[in-house]
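Per-entry structural report
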Amino acid sequence: MSVLRAMFIDDEPNILSGLRRMLRGQRGEWEMVFANSGPEGLALMDAQPVDVLVCDMRMPGMDGVAVMAAVRERFPSTARIILTGQTDRESVIAALGLTQRFLLKPCRPEDLVAAIEQVVEVRRAVSEGQIQAFLGSVHALPRPPAVYTRIVEVSSRPDCEVADLVEVIEGDIATATEVLKLVNSGVFCTPHPVDTLDGAVVLLGFDAIQALALASSALRSEVPVPVSFDLDAVAHYSTVVAAMCRRIAAGEGGDRGGVSAAFLSGLLHTVGLLVQIGANPAGWERVREASVDPWSQAAAEREAFACTSTQASAYLLGLWGFAEPIVHTVLEQPVCPEDLLATPAACALTYARVRVGWPGAALPEDSGGYLTAERAARWDEWCAELREDAVVWPPVRG
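Residues numbered from 1 in each chain as written. Predicted model: local features only at pLDDT ≥ 70, side-chain atom pairs only at ≥ 80, totals over all residues. Heavy atoms only, no water.

**As for the overall build of the protein**
The test is simple: Under the DSSP-based scheme used, a helix requires at least four consecutive residues in state H or I and a strand at least two consecutive residues in state E, with every element numbered from the N terminus. Residues are treated as being in contact if the distance between any of their heavy atoms lies within 4.5 Å. Throughout, the Shrake-Rupley method with a 1.4 Å probe supplies accessible areas, and for residues the shown protein chains are the sole cover considered.
The number of helices and strands found in the protein is 21 helices and 5 strands. The long-range share in the protein, meaning contacts at least 24 apart out of those at least 6 apart in sequence, stands at 70%. Of the roughly 17,200 Å² of accessible surface on the protein, a fraction of 52% belongs to carbon and sulfur atoms.

Given below as structure tokens:
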């Protein structure tokens, strides 16, 4: 495996010196380059591109936003991270449209190393250069919305309470609507209607609220899509798939973290599809015609877009900082019958995608892996009423 090449740009020499000291332990694994300004960093990248760029936000002349825009245009395969002490939320949100991660100073060494390694891990998982270049350069790349960023910020506080999160959600009507719609959709089998955001947050949990804000924003994005593509159907499909994954994980004895990860994987596994369709609407028409199950869809996507929609989704989720189990559950899609090493979560997501999107399609024959015929029958029983809410895939307007 090649050595990681990382660049750090900051106009303050003391900051760069501090970064050198912080990252001394990575010298055997990383090749690190340091620059005092955006123009200097770009000139160094012209001579030799880097895998990851970590750049300060506020610099004289060419600021971090301008640097990230130039890097996205000229070096789309480079992963981009903003590291700043700036608290101007509008500037932060603007930068998020150009970066894949955002870290606040002061940043602990282990947090910075983890963020860099995660974006690189996703790049390596989606290893083909053409895929990295395609996804890295798309100008319509959905970015984490302001409400999502605020939810992450608030929920990460040790003293965060339900009321704090409710206050954030109340400031975004679309997210508040989606939260109440989901909690009352039948997915969670609530005995009584939930008509308050307090009750919804308690029932869904902080992680689900974060993911819902992100998914809702992606489906409200301004990415142009073909008239035949039904965004409402995608949202409903993803919600039902997520509900199935959640129920299966709970039924199989998963802990709270595992159940939450299963739900998030199901809810967010389609976010990359919007990027692909926005960049190549004609490719979507070819995929739509060829999709009779998740495996034929994946094959058609590789031909039309150079990668599958779940690879695109995993790439985005990893760069946005979602946990590794969620990223890899999505990346493994669809699980192939001969893959005996597929994780239980990935098998559950493939099962749910088939049952919801292609209810008439057969599951792979039992080949000795996790998804046995006996287990599939048990899942069918657990998810019987959810299967009645199937959404025929691909999502085409009538």
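Anyway, onward from the coordinates.
**Here's the deal with the pairing of strand 1 (residues 4-9)**
The line we're drawing: Categorising residues by exposure relies on relative accessible area from a 1.4 Å probe, with only protein chains included: less than 20% of the type maximum marks a residue as buried, more than 50% marks it as exposed, and the intermediate range marks it as partly exposed. By this definition, two strands are paired if DSSP reports at least two bridges between them. Orient the strands so they point away from the viewer, and a crossover whose first-strand-to-second-strand path over the helix runs clockwise is right-handed.
Burial analysis of strand 1 places 6 of its 6 residues in the buried class, the great majority of the element. Alternating residues of strand 1 divide into L4, A6 and F8 and R5, M7 and I9, and every residue in both groups is buried. Alignment of strand 1 against strand 2 (residues 30-35), held across 6 bridges, turns out to be parallel. Each bridged residue has a counterpart across the sheet, and for I9 the counterpart in strand 2 is A35. Taking the sense of rotation as the criterion, the β-α-β connection linking strand 1, helix 1 (residues 13-22) and strand 2 turns out right-handed.

**Re the nonpolar core**
To keep it simple, the criterion reads: Take the buried residues of types Ala, Val, Leu, Ile, Met, Phe, Trp, Tyr and Cys, join any two whose side-chain atoms come within 4.5 Å, and each joined set is a nonpolar core.
Of all hydrophobic cores here, the largest spans 42 residues; its most connected members are F229, V241, M244, Y351 and L371. Only helix 12 (231-251), helix 13 (256-268), helix 14 (271-279), helix 15 (281-290), helix 16 (294-305), helix 19 (344-357) and helix 20 (373-382) provide two or more residues apiece to this core. In terms of residue count, helix 12 provides more of this core than any other element does, 10 residues in total. M244 has contacts with Y351, A352, R355, V356, C383, L386 and R387, leaving out every residue within four places of it along the chain.

**Points about empty space enclosed by the protein**
To be explicit about the condition: The rule is simple: put a 1 Å grid over the protein atoms alone, call a set of points where a 1.4 Å probe fits but cannot get out a cavity, call an open set with protein on both sides within 12 Å along at least five of seven lines a pocket, and count a residue as lining if it has an atom within 4 Å of a point. Grid points are joined across faces, edges and corners, and a volume is the space filled by probe spheres set on the points. Here the nonpolar group is Ala, Val, Leu, Ile, Met, Phe, Trp, Tyr, Cys and Pro; Asp, Glu, Lys and Arg are the charged ones; every other residue, Gly included, is treated as polar.
Tallying each qualifying case throughout the model produces 4 cavities of 30 Å³ or more. Looking at the largest cavity, its volume works out to about 150 Å³. Forming the walls of the largest cavity are 14 residues, and the residues nearest its centre are V335, C336, P337, C347 and L371. Taken together, the residues of the lining of the largest cavity sort by class into 9 nonpolar, 2 polar and 3 charged.

**Here's the deal with the pattern of salt bridges**
Filter applied, for reference: Salt-bridge detection follows one rule: a side-chain nitrogen of Lys or Arg within 4 Å of a carboxyl oxygen of Asp or Glu.
For the structure on display, the rule yields 10 salt bridges. Of the charged contacts in the structure, one is a salt bridge between E31 and R5, with a shortest N-O distance of 2.5 Å. Here E31 is found in strand 2, whereas its partner R5 is found in strand 1, with 26 residues between them in sequence. In this structure, the salt-bridge partner of D46 is R74, at a minimum N-O distance of 2.7 Å. With a gap of 28 residues between them, D46 in helix 2 (residues 38-47) and R74 in helix 3 (residues 64-74) connect regions that are remote in the sequence. By sharing partners, the salt bridges in this structure join R108, E110 and D111 into a single network.

**Notes on the side chain of H269**
To be explicit about the condition: Here a polar contact is taken to be a pair of N or O atoms separated by no more than 3.5 Å, where protein atoms must pair a possible hydrogen donor with a possible acceptor and residues adjacent in sequence count only if both atoms sit in side chains.
Turning to its location among the elements, H269 is positioned in the loop between helix 13 and helix 14. On the accessibility criterion, H269 (2% relative accessible area) is buried. Separated by 2.7 Å, the side chain of H269 and the backbone oxygen of G266 make a polar contact.

**Details of the sheet that holds strand 2**
What counts, and what does not: For helices, the axis comes from a line fit to the C-alpha atoms of the stretch in contact; other axes are also lines fit to C-alpha atoms, and the angle between any two N-to-C directions lies between 0 and 180 degrees.
With parallel pairing, the 5 strands of this open sheet are ordered in space as 2-1-3-4-5. Pairing within the sheet leaves two strands with one partner each, and these edge strands are strand 2 and strand 5 (101-104). Adjacent strand axes in the sheet meet at a mean angle of 20° when their direction is disregarded. For strand 4 (residues 79-84) and strand 5, the ladder comprises 4 bridges, and the chain directions are parallel. What sits directly across from L83, in strand 5, is L103. In the packing of helix 1 onto the sheet, contacts are made with strand 1, strand 2 and strand 4, and the angle to strand 2 comes to roughly 170°. Strand contacts of helix 2: strand 1 and strand 2, with the helix running at about 140° to strand 2, the strand carrying the most contacts.

**Details of helix 12**
Here is the rule: Expected helix span is computed as 1.5 Å times (number of residues minus one).
Between its first and last C-alpha, helix 12 extends 30 Å over 21 residues, near the 30 Å set by a 1.5 Å rise per residue. The N-cap of helix 12, judged by a side-chain oxygen 3.2 Å from the amide nitrogen of A233 a few residues on, is D230.

**Here's the deal with the confidence of the model for the protein**
Defined as follows: A score from 0 to 100, pLDDT tells how confident the predictor is in each residue.
Averaged over every residue, the pLDDT of the protein is 81; residues scoring 70 or more account for 83%. Element-level pLDDT for the protein is lowest in helix 4 (residues 89-96), with a mean of 53, against a maximum mean of 96 in helix 2.

**Observations concerning the packing of helix 12 against helix 19**
In a packed pair of helices, the relevant descriptors are the angle between the two axes and the axis-to-axis distance. Operational definition: To sort the angles, those under 35 degrees are grouped as roughly parallel, those over 145 as roughly antiparallel, those from 65 to 115 as roughly perpendicular, and the leftovers as oblique. What makes a crossing left-handed is the near helix being turned counterclockwise from the far one by less than a right angle; a clockwise turn instead makes it right-handed.
Interaxial distance between helix 12 and helix 19 falls to 9 Å at its minimum, and their mutual angle equals 135°. As the angle between them shows, helix 12 and helix 19 are arranged oblique. By crossing handedness, the relation of helix 12 to helix 19 is classed as right-handed. Listed contacts from helix 19 to Y237, V240, V241, M244, C245 and I248 of helix 12 are A348, L349, Y351, A352, R353, R355, V356 and G357.

**Quick look at the side chain of S238**
Checked against the element boundaries, S238 lands in helix 12. Apart from the residues lying within four places of it in its own chain, the contact partners of S238 are G266, L267 and T270.

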